[in-house]
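A structural walkthrough
Residue strings, one per chain:
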Amino acid sequence: MSAPTPALAPHKAAFLSSCVTAGALKFGTFTLKSGRMSPYFFNAGLFHTASLLDSLTAAYAATLASSAVDFDILFGPAYKGIPLAAATAIQLRVLDDARFGGVSYSFNRKEAKDHGEGGSIVGAPLKGKRVVIIDDVITAGTAIREAIEIIKREGGTLVGIVVALDRLEKTPAKEGEQEEAPRESAIGEVRRQYGIPVLSILTLDDVVEFLKGMGTQEDVGRLQEYRAKYRASD
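Residues numbered from 1 in each chain as written. Predicted model: local features only at pLDDT ≥ 70, side-chain atom pairs only at ≥ 80, totals over all residues. Heavy atoms only, no water.

A short note on the pattern of salt bridges
In plain terms, the rule: Salt bridge, as applied in this entry: a Lys or Arg side-chain nitrogen positioned within 4 Å of an Asp or Glu carboxyl oxygen. Comment: elements are numbered from the N terminus, with helices defined as DSSP H or I runs of at least four residues and strands as E runs of at least two.
In total, this model carries 14 salt bridges according to the counting rule given. One salt bridge connects Lys12 with Asp206, and the closest N-O pair in it is separated by 3.0 Å. Residue Lys12 is located in helix H1 (residues 10–22), and its partner Asp206 is located in helix H6 (residues 204–214); the two are separated by 194 residues in the primary sequence. Put simply, Arg167 and Glu169 hold a salt bridge, and the shortest N to O gap is 2.9 Å. Through salt bridges that share partners, Arg36, Arg167, Glu169, Glu179 and Arg183 make up one connected network.

Here's what the structure looks like:
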């Protein structure tokens, strides 16, 4: 395999290499939930070894550290977001940056506990705190909106969201819409609706650049065609 293109930030190149090694990023032909035929597939659920989880959450931490988002708590929506938030909090501590010395994490229970301390939140209380959501992807935006409502209900202030991959892809056409018509991505809809930054470790543009460095021109061409066909308007 050729070295990743130097155009990518080090944490992006390292994370992409880990994705390919783990099989979390694959190239070929894949049918998405939307019915679209995609030339690539990303599955963050495969980051279940210590080394791969370390790579993923180090990239989350680097993404946050390079942003202007000020926050107190990392919130991991149940279930996939739970280990991501906890491990990213550790990675932020490793950075030895004074901004992150007091960062905590929390997550929600699927069902509220009616005994003991009760409630639906485990970890740091959200009330009066600036909260960042950590999750793998935003597909339709349903799960993220549920998490946002939980944070609001608990008295926290949402200041940002970080995901692993932004496909830069417009949402599927609704009834009566033309598939080729311009539309926002699910991430773009969330940004506009809530007025908060949605950061990503990687975008489809990063994947294309990485693939160019691997010298697989056929796959690069297929990704570029897919991007041109489904690119979001935001």
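Quick word on the pairing of strand E8 (residues 198–203)
Applied cut-off: Three labels apply to residues, based on accessible area from a 1.4 Å probe with only protein chains included: buried if under 20% of the type maximum, exposed if over 50%, partly exposed otherwise in between. Only when DSSP finds a minimum of two bridges between them are two strands counted as paired. Whether a crossover is right-handed depends on one test, that the path from the first strand over the helix to the second runs clockwise when the strands point away from the viewer.
Of all six residues that make up E8, five are buried, and the element is covered over most of its length. For strand E7 (residues 157–166) and E8, the ladder comprises five bridges, and the chain directions are parallel. Along E8, the bridge assignment pairs Leu165 with Leu202. Of the crossover connections in this fold, the one passing from E7 over helix H5 (residues 186–194) to the parallel E8 is right-handed.

Thoughts on the packing of helix H4 (residues 142–153) against H5
We apply this condition: Here an angle of 0 to 180 degrees is reported between the N-to-C directions of two axes, which are lines fitted to C-alpha atoms, with helices fitted over the stretch in contact. The labels follow the angle: roughly parallel below 35 degrees, roughly antiparallel above 145, roughly perpendicular from 65 to 115, and oblique for the rest. Here a crossing is taken to be left-handed if its near helix is turned anticlockwise relative to the far helix by less than a right angle, and right-handed if that turn runs clockwise. By definition, residues are in contact when any of their heavy atoms lie within 4.5 Å.
It is the contact of H4 with H5, at a shortest axis distance of 10 Å, that shows an interaxial angle of 25 degrees. In terms of orientation, H4 and H5 fall into the roughly parallel class. As for the relative orientation of H4 and H5, their crossing is right-handed in sense. Here Ile144, Arg145 and Ile148 of H4 lie close against H5, whose contacting residues are Glu189, Val190, Gln193 and Tyr194.

Remarks on the side chain of Gln91
Locating Gln91 in the fold gives a position in helix H3 (residues 81–94). For Gln91, a relative accessible area of 13% gives the class buried.

Here we look at unusual backbone geometry
Cis geometry is found at the peptide bond from Ala78 to Tyr79, where omega equals 5 degrees. Look at Asp96: it is not a glycine, yet its phi comes out positive at around 55 degrees. Take Asp96: it is sitting in the loop between H3 and strand E4 (104–113).

Description of H3
Basically, it comes down to this: To estimate how far a helix should reach, multiply one less than its number of residues by 1.5 Å.
For H3, built from 14 residues, the straight-helix expectation of 20 Å at 1.5 Å per residue is met to within 8% by its first-to-last C-alpha distance of 20 Å. The set of residues buried in H3 consists of Gly81, Leu84, Ala85, Ala87, Thr88, Ala89, Gln91 and Leu92. Of the residues one or two after H3, Asp96 is the one with positive phi, at around 55 degrees.

Observations concerning H1
Spanning 13 residues, H1 covers 18 Å between terminal C-alpha atoms, matching the ideal 18 Å at 1.5 Å per step. Where H1 is concerned, the buried positions are Lys12, Ala13, Phe15, Leu16, Ser18 and Cys19. Backbone geometry just after H1 places Gly23 at a positive phi near 75 degrees.

Just geometry here; none of it tells us what the structure is for.
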